[in-house]
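Okay, here's what each chain looks like letter by letter:
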Amino acid sequence: MAGILYLCATPIGNLGDMTPRVTETLRAVDIIAAEDTRNSIKLLNHFEIKTSMTSYHEYNKIEKADYLVEQLLQGKNVALITDAGTPAISDPGEVLVQKCQQADITVTSLPGAAACITALTLSGLSTRRFCFEGFLPADKKEKTEVLQELREESRTIILYEAPHRLRKTLKELYDNVGNRRITLCRELTKKFETILPTMLEDALAYYEAQEPRGEYVIVMEGKSRQEKREEEKESWQAMSIEEHMSYYEKEGMDQKSAMKQVAKDRGVAKREIYQYLFNK
């Protein structure tokens, strides 16, 4: 009978956030797969956990995942931990989960700290709809595509960033999405936790004056529906009414339906479109 893969959330700073369930599981499993065994040994020592560890990180995630799947198929239980937070979020753990599913191995998650959710709740921005982007891509072309997508995103956006890249990322966000409301969350749950609700423009000025320190979560408001409607309206206004009508008629609309849609797009009454077209 195959073993079970346990995704174990570990503290993102404050060791008091370690759950009893995770502690018990880490003691009970046969193997702990850790992103960085040098970091994780400090955590295990603090909680007096003696279970053997193996490294599982970005650079060995394929071959080591295959090894761990073999161990699981032999009946061993495996716990996966990351340096901080919940495994498989901006983390190579997703590869191991996929391979376990393909091998019909049971995977379960032991919830706990997650920097993205902690930051979202502290941001003061809308929490009803949100998207998690993680770290922006290193590849220039891919990053440009992602930034273009974020420009149109209406949900609250959550990103991670390291201190040495923070200024550059804030500038790229400002250049692509404009001056949006953001909240910068630094060193979450730690002694020097800082929550800074501000505007992108002001954040740029703030970090020009001082060096960014610690790990950051950036929470940024999405484009409002009102802003989207205004931009769409402006794009229609750039067309003549005849061109606008022709656009919908080529889509298969009859004249009456096209007039109604044109009026809606332009934010005017249908009779205004009619009068323009037939009473010129």
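None of the values given here were measured: they were computed from a predicted structure.

Here we look at the pattern of salt bridges
Inference 1: Applying the stated criterion across every chain yields a total of 11 salt bridges.
Inference 2: Asp-36 is the salt-bridge partner of Arg-38, the closest N and O atoms lying 3.2 Å from each other.
Inference 3: Residue Arg-38 is classed as exposed on the basis of its relative accessible area, which comes to 64%.
Inference 4: Relative accessible area serves as the criterion here: at 16%, Asp-36 is assigned to the buried category.

Structural notes on the packing of aromatic side chains
Inference 1: A full pass over the atoms with the stated rule returns four aromatic pairs.
Inference 2: Each ring, one from Phe-132 and one from Tyr-160, has its centre 5.0 Å from the other, and the planes form 70°; the classification is edge-to-face. Of this pair, Phe-132 sits in strand S6 (residues 130-134) while Tyr-160 sits in strand S7 (residues 156-161); the two residues are 28 residues apart in sequence, bridging distant segments of the chain.
Inference 3: Residue Phe-132 is classed as partly exposed on the basis of its relative accessible area, which comes to 31%.
Inference 4: Here Tyr-160 falls in the buried class, since its relative accessible area comes to 13%.
Inference 5: With a centroid separation of 5.7 Å and an interplanar angle of 70°, the aromatic rings of Phe-135 and Tyr-160 are classed as edge-to-face. Here Phe-135 is found in the loop between S6 and helix H6 (140-152), whereas its partner Tyr-160 is found in strand S7, with 25 residues between them in sequence.

A word on the environment of Phe-135
Inference 1: Phe-135 sits in the partly exposed class, given a relative accessible area of 38%.
Inference 2: In contact with Phe-135, other than residues within four places in its own chain, are Ser-90, Tyr-160, Glu-161, Ala-162 and Arg-165.

Parameters at a glance
Residues numbered from 1 in each chain as written. Predicted model: local features only at pLDDT ≥ 70, side-chain atom pairs only at ≥ 80, totals over all residues. Heavy atoms only, no water. Salt bridge = Lys/Arg side-chain N within 4 Å of Asp/Glu carboxyl O. Buried < 20%, exposed > 50% of the residue type's maximum accessible area, 1.4 Å probe, protein only. Phe/Tyr/Trp six-rings, centres within 6.5 Å; stacked < 30°, edge-to-face > 60°. Helix = DSSP H or I, 4+ residues; strand = E, 2+ residues; numbered from the N terminus. Contact = heavy atoms within 4.5 Å.

Shape is all these values report; function is a separate question.
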